Amino acid sequence: MGYKYTHGASRHKRRQLAMILISLAMVGGGVLAATVGLRHPVTRHPTAVTATSKPAVAPKVTTNYGLPTRLQIPKLKVDTHVIYVGLTKAGNMSVPNNVIDAGWYKYGALPGNTGTAVMAGHLDGLRGEPGVFSNLSKLVPGDTVTVTESNGLAVSFVVRETRSYPQTEQPAEVFTSTSGSHLNLITCTGSWDSSEHQFAKRLVVFADKAS
């Protein structure tokens, strides 16, 4: 669902591939940029962050909380803007087109409502700069994550566990839950697969709404 480039390739080759990918995105409807109304122009394409499962399209109807606007992870010193992402043509969750923002899956639950809210962020960028979720693997059970809503309310989540999944696996628990209010954070992990131009695994941090 995200853009891909050869890890460790020369800057020149990366730029060439980035330009090709920009062209493909424009031909395909510009899924990332057109869907979300991003703050940052498309000047680079960071490491791909694909969802580990194809999410459901139907949006949640409950509206106890507002739209998420800010994500804070104190332990990682993350304090970032939240943009809204949808689906690619392949039916996967889309991702931000920059390494700075976190992308909330807009067809899922609102953070704080019953259900599972999902956010994705990049591990690193085209030039190797750290992404917003570059240190996501450092979170452990008990760490906190806070989402500020458009209505000014802040809702906190407590990390329950961290799991990694192979790129090809599609575990349902990433996007769905039978009860409670949850926030799941996704990024890349594992070794770089040069033949597929992507990381071998996806890291998912599962967090539950603080009581």
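In case you missed it, the structure is sitting above this.
Model, not experiment: these values are computed from the prediction.

Each value, and the rule that gives it
- Residues numbered from 1 in each chain as written.
- Predicted model: local features only at pLDDT ≥ 70, side-chain atom pairs only at ≥ 80, totals over all residues.
- Heavy atoms only, no water.
- Salt bridge = Lys/Arg side-chain N within 4 Å of Asp/Glu carboxyl O.
- Helix = DSSP H or I, 4+ residues; strand = E, 2+ residues; numbered from the N terminus.
- Buried < 20%, exposed > 50% of the residue type's maximum accessible area, 1.4 Å probe, protein only.
- Contact = heavy atoms within 4.5 Å.
- Polar contact = N/O pair within 3.5 Å; in protein donor to acceptor, adjacent residues only side chain to side chain.
- Core = buried A, V, L, I, M, F, W, Y, C linked by side-chain atoms within 4.5 Å.
- Pairing = 2+ DSSP bridges.

*Asks:* Would you mind going over the pattern of salt bridges with me for this structure?
*Replies:* Pairs can form between side chains of opposite charge whenever their charged atoms are close. In total, this model carries 6 salt bridges according to the counting rule given. With a closest N to O distance of 2.8 Å, Asp 208 and Arg 160 form a salt bridge. Of this pair, Asp 208 sits in strand S8 (residues 198-209) while Arg 160 sits in strand S6 (residues 154-166), and the two are 48 residues apart along the sequence. Across the pair Arg 163 and Glu 173 runs a salt bridge whose closest N-O atoms are separated by 2.8 Å. Taken together, the residues Arg 163 in strand S6 and Glu 173 in the loop between S6 and strand S7 (181-193) connect sequence positions 10 residues apart. If you follow the salt bridges from partner to partner, you end up with Arg 160, Glu 161, Arg 163, Glu 173 and Asp 208 in one network.

*Asks:* Help me understand the environment of Arg 70, please; the structure alone is not making it clear to me.
*Replies:* Along the chain, Arg 70 falls in strand S1 (residues 68-73). The exposure class assigned to Arg 70 is partly exposed, which follows from its relative accessible area of 35%. Put simply, Arg 70 and His 81 are 11 residues apart on the chain and 4.7 Å apart in space, counted from C-alpha to C-alpha. Apart from the residues lying within four places of it in its own chain, the contact partners of Arg 70 are Asp 79, Thr 80, Val 82, Thr 146, Val 147 and Thr 148. Looking at Arg 70, its side chain comes within polar contact range of the side chain of Asp 79, at 2.7 Å.

*Asks:* Would you mind going over the nonpolar core with me for this structure?
*Replies:* One broad trend across soluble globular proteins is that nonpolar side chains are buried collectively. Judged by nonpolar contacts, the single largest core of 25 residues is most densely connected at Leu 71, Ile 73, Met 119, Phe 133, Leu 136, Leu 183 and Leu 185. Those elements that place two or more of their residues in this core are S1, strand S2 (78-85), strand S3 (102-105), strand S4 (115-120), strand S5 (144-149), S6, S7 and S8. If near-sequence neighbours (up to four positions away) are discounted, Leu 71 is found in contact with Val 78, Asp 79, Thr 80, Val 82, Ala 102, Met 119, Phe 133, Val 145, Thr 146 and Val 147. The next biggest cluster of nonpolar side chains, apart from the first, holds 12 residues, and it includes Met 93, Tyr 165, Ile 186 and Val 204.

*Asks:* Would you explain the pairing of S4 in this entry?
*Replies:* The side chains of a regular strand alternate, first on one face of the sheet and then on the other. Among the 6 residues in S4, 6 count as buried, and that is most of the element. A two-sided burial pattern is seen for S4, the buried positions comprising Gly 115, Ala 117 and Met 119 on one face and Thr 116, Val 118 and Ala 120 on the other. The sheet contact formed by S3 and S4 spans 2 bridges and is antiparallel. Looking across to S4, one finds that Gly 103 is bridged to Ala 120.

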